[in-house]
Amino acid sequence: MILLKTWRSVAFGVYGYLNFTKAAYLEHSKRYNPEDMQTKIEGKNFIVTGANSGIGYATAEGLASRGANVYMVCRSKERGEAARSKIQSMTGNENVYLERLIKFSSQVCDLSSVNEIKSFTSRFTSKDVPIHVLVNNAGLLEHNRITTSEGHELNFAVNVLGTYTVTELMLPLLEKAAPDSRVITVSSGGMYTTPLTEDLQFSHGNFDGVEQYARNKRIQITLTEKWAETYKDRGIGFYSMHPGWAETPGVANSLPGFSKSLSGKLRTSEQGADTVIWLALMRKEKLSSGAFYFDRVEAPKHLKFAGTGGSHAAAMDSIINNLRSLSSLSSYNETQQ
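Predicted model only: the values in this text are computed from it and were never measured.

1. What about the nonpolar core?
Okay, so step 1: Counting residues in hydrophobic clusters, the biggest one holds 38 residues, and the most contacted among them are Met170 and Leu323.
Okay, so step 2: Of all elements in the fold, only strand E2 (69–73), helix H5 (114–125), helix H6 (154–176), helix H7 (209–230) and helix H11 (313–327) reach the threshold of two or more residues within this core.
Okay, so step 3: If you tally residues by element for this core, the top one is H6, at nine residues.
Okay, so step 4: When sequence neighbours within four positions are dropped, the list of residues in contact with leucine 323 reads Phe156, Val160, Leu161, Tyr164, Leu200 and Leu223.
Okay, so step 5: Ranked by size, the runner-up nonpolar core spans 37 residues in total, among them Leu63, Ala273, Ala291 and Tyr293.

What follows is the structure, given as structure tokens:
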């Protein structure tokens, strides 16, 4: 097991250095078709979580610059308001909104809390606004074990349980925009270092925040596959992607050594967000629901000889059941029967 984990880390490091840096992005971008990014989206509605900085901010700004109605879901009211104001100023698009937990409240949505997510989605659903694209961007890498007020390990609460809950509760509004609607989940190349695990909250062994983050991101990839299969007749596309190694506030804060060692070689937030926007704009018939994308092409979900593949079906069914229980939600298919 130690040798296998070592191989995964080495393989990921080499593969990442060759493909995830700024230089790799510039090389890959030579094949991009500019027409792919010229789709008209004026008047369409987009939700972006974690939109006040980094990949989320770049995504929200990129969509707003193309005339979209952008709903920003952020934890910090102050940073969210500043980001919204800046996007409006930079793009000239006034249809950029910061979604608060409760109308007239100074609070915004804490995506580590199932109860707060339910409050947010309940209020948003009352608007009866069709959602064309939900971008699950909010993420967290916390090195220490922290338990939320609802009793969940913090990384898991944001990266997995929060993503699951937001997506499931937004499905009715996404279906209103079908067949154009889609869900895009921002994962991480770090998921290449770990197989799928049912130990959702890292209850066994010494807690490792980096490993937990990678586990969470692996689950996001497999969740996307499961959603694509479960809701294939709903007219909603489900896609996951990863941005490469980008120089964002989140990376600088959570992985300062990594950020410093690759100074000058990391992608910009805009380069990291490029595939998110591409997935939001691309014609659905040219995309594969359930697939994992990187630099505008479908990417492998496992590295060779890393032993992260295996059979996910049974494990994923167990994970889905746990997520339903922890969020007290039923499958959207079940509620429609």
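2. Here's the deal with the pairing of strand E1 (residues 45–49)
Okay, so step 1: Counting buried residues along E1, five of its five residues qualify, which places the element largely inside the surrounding structure.
Okay, so step 2: Residues Asn45, Ile47 and Thr49 of E1 are buried on one face, and the alternating residues Phe46 and Val48, pointing to the opposite face, are buried as well.
Okay, so step 3: Where E1 lies against E2, five bridges are found, and the strand directions are parallel. Its bridge partner lying in E2, threonine 49 is registered against valine 73.
Okay, so step 4: In this region the chain leaves E1, passes through helix H3 (residues 54–64) and returns to the parallel neighbour E2; the handedness of that crossover is right-handed.
Okay, so step 5: Where E1 meets strand E4 (residues 133–136), three bridges bridge the pair, whose relative direction is parallel. Residue pairing for E4: isoleucine 47 is matched across the bridge by leucine 134.

3. Some thoughts on helix H1 (residues 2–19)
Okay, so step 1: For H1, spanning 18 residues, the distance from its first C-alpha to its last is 25 Å, which sits close to the expected 26 Å at 1.5 Å a residue.
Okay, so step 2: Taken as a whole, H1 has its buried residues at Arg8, Ala11, Phe12, Gly16 and Asn19. For H1, the angular spread of buried residues about the axis comes to 125°, placing them on one side. The outward face of H1, more than 90 degrees from its buried face, is lined by the exposed residues Ile2, Leu3 and Leu18.

4. Topic: the packing of aromatic side chains
Okay, so step 1: Tallied over the full model, the rule gives 18 aromatic pairs.
Okay, so step 2: Here a set of aromatic residues connected by ring pairs shows up, and it is made of Phe12, Tyr15, Phe20, Tyr192, Trp245, Phe258, Phe292 and Phe294.
Okay, so step 3: Above the face of the phenylalanine 202 ring, arginine 215 is positioned so that its terminal group lies 4.0 Å from the ring centre.

5. Examining the packing of H5 against H6
The description of two helices packed together rests on the angle between their axes and the distance between the axes.
Okay, so step 1: One can describe the packing of H5 onto H6 by two numbers: an axis separation of 10 Å at closest approach and a directional angle of 20°. Of the possible angle classes, the one that applies to H5 and H6 is roughly parallel. Taken as a pair, H5 and H6 cross one another with a handedness that is right-handed. On H6, the residues that touch Val114, Ile117, Lys118, Phe120, Thr121, Phe124 and Thr125 of H5 are Leu161, Gly162, Thr165, Val166, Leu169, Met170 and Leu173.
Okay, so step 2: Tallied by class, residues from the contact of H5 with H6 come to nine nonpolar, four polar and one charged.

What counts as what
Residues numbered from 1 in each chain as written. Predicted model: local features only at pLDDT ≥ 70, side-chain atom pairs only at ≥ 80, totals over all residues. Heavy atoms only, no water. Core = buried A, V, L, I, M, F, W, Y, C linked by side-chain atoms within 4.5 Å. Buried < 20%, exposed > 50% of the residue type's maximum accessible area, 1.4 Å probe, protein only. Helix = DSSP H or I, 4+ residues; strand = E, 2+ residues; numbered from the N terminus. Contact = heavy atoms within 4.5 Å. Pairing = 2+ DSSP bridges. Right-handed = clockwise from strand over helix to strand, strands pointing away. Expected span 1.5 Å × (residues − 1). Arc of directions from axis to C-beta. Phe/Tyr/Trp six-rings, centres within 6.5 Å; stacked < 30°, edge-to-face > 60°. Lys NZ or Arg CZ within 6 Å of the ring centre and 35° of its normal. Axes fitted to C-alpha atoms, helices over the stretch in contact; angles between N-to-C directions. Parallel < 35°, antiparallel > 145°, perpendicular 65-115°, else oblique. Left-handed = near helix turned anticlockwise from the far one by under 90°. Nonpolar A, V, L, I, M, F, W, Y, C, P; charged D, E, K, R; others polar.

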